[in-house]
Amino acid sequence: MARGSTRPTSRDVAQAAGVSQAAVSLVLGDKWRGRVSEATAERVREAARELGYRPNLTARNLRLGRTRTVLLVVPALTTEFFAGVYTGAARVAATHGFGVVLYPSPEGIGPARDPFASAQAALDGVIASSMAADALTAIRGDQLPLVMLDSDPTGSLGAATVNLDIADGVRQIAEHLLTLGHRRFLHLAADVASWTFEVRARELHARVAAVPGTTLTTARAPISIEVAQHAAEAALSAPGPRPTALICDDDKLAAGAYKAARRLGLRIPEDLSVTGLDDLALATAIDPELTTVRLDAELFGERGMQALLAVLEGRTPEAGDIPVELVVRGSTAPPSAS
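Residues numbered from 1 in each chain as written. Predicted model: local features only at pLDDT ≥ 70, side-chain atom pairs only at ≥ 80, totals over all residues. Heavy atoms only, no water.

The name recorded for the chain in an unreviewed UniProt entry is LacI family DNA-binding transcriptional regulator, from Streptomyces cupreus.

Shown next, in the form of structure tokens:
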């Protein structure tokens, strides 16, 4: 073969490695185990590297009836969390010859319009983050494989679900504050119809109710710093004993709570402990730095893509929720004696 003038083919790789073209296809398609030896597989890979051979994915996709394209549907891109989910999904996809198209739902949480003339023809599958499965009918089509992220595994229409262990994150926050001695709690809940926020409320109520002498009130706000400020200010100004700990469903809500506390002349953490959930960059930009729960967005995206690949290949996706971690910073302390 004249190097530089002709693109190397699988036939060239087969000749260089001393094997059949079928063996080359098995090895480079990662389907060789049990069919050719490890030594032969390595010889094929080495020949492909030396020749600079790259499979013709377009031709292979046409034969397989695949586009090797996945749609990642997320709520409106209001934080870097979903950028991390995309990064993780795209990294895994790239190693398997897939591309990921990011589609932020213009309405945030809710029905998403089909961005393609025919999603079923244009896509191999869909990964949907933090959205109800029934909101994706237009994109999913009748046969399109769907993996849901951050969704109720018992009620999902997806072929698989991948979740962060949000319940454990809430338990860690509650345990941290209870151990510090807090007994009067305010929950600044995200006013979003989503399973993940239902889990947060349910777990928090269960943990606090298990300890005698505790109280828990709830205020709601959409995930907006300004609206969260107003909601927290009103709740902290209500008649009766003031809460000593404010548990927020999200770091942005916590930033609003900080502004409310300052407007009311309350010091964090001396007068009011505040926690978030996400560990966004915002958590270390505010003063004092925020005690929160770290969610690994990139690993979340990686696991979502791995689950979709498993579904496409007829395998069972990896089970188990992704662990989360409490990060204690300067916004929590024992309640004051007053």
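Undergrad: Please set out the packing of aromatic side chains residue by residue, giving values where relevant.
TA: Counted according to the given criterion, the structure contains 2 aromatic pairs. Centroid distance Phe 81 to Phe 82: 5.3 Å. Interplanar angle 85°. Geometry classified as edge-to-face. Owing to a relative accessible area of 10%, Phe 82 belongs among the buried residues under this scheme. Put simply, the rings of Phe 81, Phe 82 and Phe 300 touch in pairs and so form one group of aromatic residues. (Phe/Tyr/Trp six-rings, centres within 6.5 Å; stacked < 30°, edge-to-face > 60°. Buried < 20%, exposed > 50% of the residue type's maximum accessible area, 1.4 Å probe, protein only.)

Undergrad: Lay out the nonpolar core in plain terms, naming residues and giving numbers.
TA: Judged by nonpolar contacts, the single largest core of 44 residues is most densely connected at Phe 81, Leu 164, Leu 295, Phe 300 and Met 305. In terms of domain composition, this core takes at least three residues from each of domain 2 (67–163 + 298–312) and domain 3 (166–295). Counting 25 residues, the second largest nonpolar core, distinct from the first, contains Ala 221, Ala 228, Val 274 and Ile 286. (Core = buried A, V, L, I, M, F, W, Y, C linked by side-chain atoms within 4.5 Å. Domains from an automatic or database assignment.)

Undergrad: I'd like to hear about the sheet that holds strand 4 (residues 146–149), residue by residue, with values.
TA: With parallel pairing, 5 strands are arranged side by side in an open sheet as 2-1-3-4-5. Each edge of the open sheet carries a strand with a single partner, namely strand 2 (99–104) and strand 5 (160–162). For this sheet the average axis-to-axis angle between neighbouring strands, irrespective of direction, equals 20°. Direction of pairing for strand 1 (residues 69–74) relative to strand 2: parallel, over a ladder of 6 bridges. (Pairing = 2+ DSSP bridges. Helix = DSSP H or I, 4+ residues; strand = E, 2+ residues; numbered from the N terminus. Axes fitted to C-alpha atoms, helices over the stretch in contact; angles between N-to-C directions.)

Undergrad: For helix 3 (residues 38–51), give the residues involved together with the corresponding values.
TA: The end-to-end C-alpha distance of helix 3 is 20 Å, a good match for the 20 Å that 14 residues give at a rise of 1.5 Å each. Of the residues making up helix 3, those classed as buried are Thr 40, Ala 41, Val 44, Ala 47, Ala 48 and Leu 51. Along helix 3, the residues classed as buried sweep out an arc of 125° about the axis, all on the same side. Those residues of helix 3 that are exposed and angled more than 90 degrees off the buried face are Ala 39, Arg 49 and Glu 50. Each element contacted by the buried residues of helix 3 is listed here: helix 1 (10–17) and helix 2 (21–28). Directly after helix 3, the chain includes Gly 52, whose backbone phi takes a positive value near 70°. (Expected span 1.5 Å × (residues − 1). Arc of directions from axis to C-beta. Contact = heavy atoms within 4.5 Å.)

Undergrad: Any chance you could break down the side chain of Glu 302 for me, citing the residues and the numbers?
TA: Positionally, Glu 302 belongs in helix 12 (residues 297–312). The exposure class of Glu 302 is buried, given its relative accessible area of 18%. Setting aside residues no more than four positions away along its own chain, Glu 302 makes contact with Gly 88, Ala 89, Arg 91 and Val 92.

Undergrad: Lay out the confidence of the model for the chain with the relevant residues and their values.
TA: The predicted model of the chain has a mean per-residue pLDDT of 85, with 84% of residues at 70 or higher. Note on residues 1–5: pLDDT under 50 across the span, and 6 contacts to partners over four residues away in sequence or across chains. Scored below 50 in pLDDT, residues 57–65 shows 7 contacts in the model against residues more than four places distant or in partner chains. (pLDDT = per-residue confidence, 0-100.)

Undergrad: An account of the sheet that holds strand 9 (residues 273–275) is requested, with residue identities and associated values reported.
TA: Strand pairing in a sheet relies on backbone hydrogen bonds. The paired strands run either parallel or antiparallel. An order of 7-6-8-9 is seen for the 4 strands of this open sheet, with the pairing classed as parallel. Edge strands, defined here as strands with exactly one partner in the open sheet, are strand 7 (215–221) and strand 9. Going from strand to strand, the sheet's axes swing by 20° on average, the running direction of each strand aside. When strand 8 (residues 245–248) meets strand 9, the two strands line up parallel, connected through 3 bridges. Residue pairing across strands places Ala 245 opposite Ser 273, the latter belonging to strand 9. Against the sheet, helix 9 (residues 195–209) contacts strand 6 (184–190), strand 7 and strand 8, and its axis sits at roughly 165° relative to strand 7.

Undergrad: Could you give an account of the pattern of salt bridges, naming the residues involved and the relevant values?
TA: Tallied over the entire structure, the rule returns 17 salt bridges. Put simply, Glu 203 and Arg 171 hold a salt bridge, and the shortest N to O gap is 3.0 Å. Of this pair, Glu 203 sits in helix 9 while Arg 171 sits in helix 8 (residues 166–180), placing them 32 residues apart in sequence. Residue class for Glu 203 comes out buried when judged on its relative accessible area of 17%. (Salt bridge = Lys/Arg side-chain N within 4 Å of Asp/Glu carboxyl O.)

Undergrad: Can you lay out the environment of Asp 12 for me, pointing to particular residues and giving the numbers?
TA: With respect to the secondary-structure elements, Asp 12 resides in helix 1. Placed 12 residues apart in sequence, Asp 12 and Val 24 show a C-alpha to C-alpha distance of 9.9 Å. Here Thr 9 takes part through its backbone nitrogen, which lies 2.9 Å from a polar atom of the side chain of Asp 12. (Polar contact = N/O pair within 3.5 Å; in protein donor to acceptor, adjacent residues only side chain to side chain.)

Undergrad: Just give me the short version of unusual backbone geometry, but keep the residues and values in it.
TA: Here the bond from Ile 268 into Pro 269 is cis, since omega is 5°, no more than 30 degrees from zero. Structurally, Pro 269 can be placed in the loop between helix 11 (251–263) and strand 9. With an omega of -5°, the peptide bond between Asp 287 and Pro 288 qualifies as cis. With respect to the secondary-structure elements, Pro 288 resides in the loop between strand 9 and strand 10 (292–294). Phi is positive for Asp 278, which is not a glycine, with a value near 150°. Note that Asp 278 resides in the loop between strand 9 and strand 10. Residue Asp 279 is not a glycine yet carries a positive backbone phi of 65°. Structurally, the position occupied by Asp 279 is in the loop between strand 9 and strand 10.

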